[in-house]
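Residue-level structure breakdown
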Amino acid sequence: MKIEDNKVVELCYELEVDGEIVDRTTREKPLDYIHGTRSLLDKFEANIAGLEPGSRFEFTLAPAEGYGEIDPDRIIELPKEAFAVNGVVQENLLVPGTTIPMLNGKGGVVPGKVLEVHENSVTMDLNSPMAGKTLNFSGEILTVRDATEKELKEGLHGEYVHTCCCGGHEGGCHGHGEGHENGGCGGGHCHGGHHEDGGCCGHGDGHGEGHCHEGGCHGEGHGHDHGEGCCGKCD
């Protein structure tokens, strides 16, 4: 069976960036997703479309085909109050280099990196860690099957169903497998929801970054990130 829309695909891969392997999945813990649902980067799916189990792949994505170039407009200044949970600013999270899940205006979750901490404000970089990077993928297709009606409606792992992992707030973050901090073929599933005072998010085992588009995080995946970051508001 070949990879095409509405097929469930399992694959293992490695992602090499700047001469280093920054992400991988294995045969024992593969990446799985439903093809054609924009779970992964569009060009990633396009490069493996038509392949069958046992097929190997190797391709390179330019920054424009991956996470785009670094955008200076995504480096922003936020008041410390944006990082409050129940009215208390989470000072322990406001450390340069720390990545914190941020809520955008659409209720999506976008990872933000703390650049500088000032007396009353915080400078955050909302660019993906993979922005400006050339992505070199290689791997193997393991299985291909038809998605069930339930999977197409609810998501491969139920990620389309609104559940909550953020302290009782509507919406939530969902990830499957093991997660990778620097982003790979997938990411924790982030569904809309408003956290009036911010909230702690990231209890699922999703990729810290994952293949994201339109400011949201999409794609099943496997990685090693159990972040319990504060969901600050980025606009």
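Figured I'd write up the structure that's included with this text. (Residues numbered from 1 in each chain as written. Predicted model: local features only at pLDDT ≥ 70, side-chain atom pairs only at ≥ 80, totals over all residues. Heavy atoms only, no water.)

**Observations concerning the overall build of the chain**
If you tally the helices and strands in the chain, you get two helices and 17 strands. In the chain, which comprises 235 residues, the share counted as buried stands at 50%. The contacts of the chain with a sequence gap of at least 6 include a subset with a gap of at least 24, amounting to 70%. A total accessible area of about 11,000 Å² is found for the chain, and carbon and sulfur atoms account for 46% of it. (Helix = DSSP H or I, 4+ residues; strand = E, 2+ residues; numbered from the N terminus. Buried < 20%, exposed > 50% of the residue type's maximum accessible area, 1.4 Å probe, protein only. Contact = heavy atoms within 4.5 Å. Areas by Shrake-Rupley, 256 points an atom, 1.4 Å probe, with all protein chains shown as cover.)

**A few points about the packing of aromatic side chains**
One pass over the full model with this rule turns up seven aromatic pairs. With a centroid separation of 4.9 Å and an interplanar angle of 85°, the aromatic rings of Phe44 and Phe137 are classed as edge-to-face. Residue Phe44 is located in helix α1 (residues 42-48), and its partner Phe137 is located in strand β11 (residues 135-146); the two are separated by 93 residues in the primary sequence. The exposure classification of Phe44 matches that of Phe137, with both residues buried. Linked through ring pairs, Tyr13, Phe44, Phe57, Phe59 and Phe137 together constitute an aromatic cluster. (Phe/Tyr/Trp six-rings, centres within 6.5 Å; stacked < 30°, edge-to-face > 60°.)

**Digging into unusual backbone geometry**
Across residues other than glycine, the phi torsion is negative in most instances, and most of the peptide bonds are trans. Its identity is not glycine, yet Asp18 carries a phi of approximately 55°, on the positive side. Among the structural elements, Asp18 can be located in the loop between β1 (7-17) and β2 (20-24). One non-glycine residue, Asn86, lies in the positive phi region at around 55°. Inspection of the secondary structure puts Asn86 in the loop between β6 (84-85) and β7 (88-89).

**Focus: the pattern of salt bridges**
For the structure on display, the rule yields nine salt bridges. Of the charged contacts, one joins Glu151 and Arg145 as a salt bridge, the two residues approaching to 2.8 Å between their closest N and O atoms. By relative accessible area, which is 13% here, Glu151 ends up buried. What makes Arg145 partly exposed here is its relative accessible area of 35%. (Salt bridge = Lys/Arg side-chain N within 4 Å of Asp/Glu carboxyl O.)

**Section: the environment of Asp5**
Counting through the fold element by element, Asp5 comes out in the segment before β1. The exposure class assigned to Asp5 is exposed, which follows from its relative accessible area of 53%. Along the backbone, Asp5 and His35 are 30 residues apart, and their C-alpha atoms lie at a distance of 5.0 Å. In contact with Asp5, other than residues within four places in its own chain, are His35 and Gly36.

**Notes on the nonpolar core**
Grouped together as the largest cluster of nonpolar side chains are 21 residues, with contacts concentrated most on Leu11, Phe44, Ile48, Phe57, Leu135, Phe137 and Ile141. Looking at this core, the elements that each hand over two or more residues are β1, β3 (31-34), α1, β4 (56-61) and β11. No other element matches the five residues that β1 contributes to this core. Membership of the second largest hydrophobic core comes to 12 residues, among which are Ala82, Leu93, Val114 and Val122. (Core = buried A, V, L, I, M, F, W, Y, C linked by side-chain atoms within 4.5 Å.)

**Some thoughts on the pairing of β1**
The buried count for β1 comes to eight of 11 residues, which makes it a mostly enclosed element. In this structure, β1 lies alongside β11, joined through 10 bridges in antiparallel fashion. Across the sheet, residue Glu10 finds its bridge partner in β11, namely Thr143. Here four bridges tie β1 to β3, and the two strands are oriented antiparallel to one another. Among the inter-strand pairings, Glu10 is bridged to a residue of β3, identified as Asp32. Bridging between β1 and β2 involves four bridges; their strand directions are antiparallel. Across the sheet, the residue bridging to Val17 is Glu20, located in β2. Connecting β1 to the next strand, β2, in antiparallel fashion are two residues, including Asp18 with a positive phi near 55°. (Pairing = 2+ DSSP bridges.)

Honestly, that's just the spatial picture; any functional story needs more than this.
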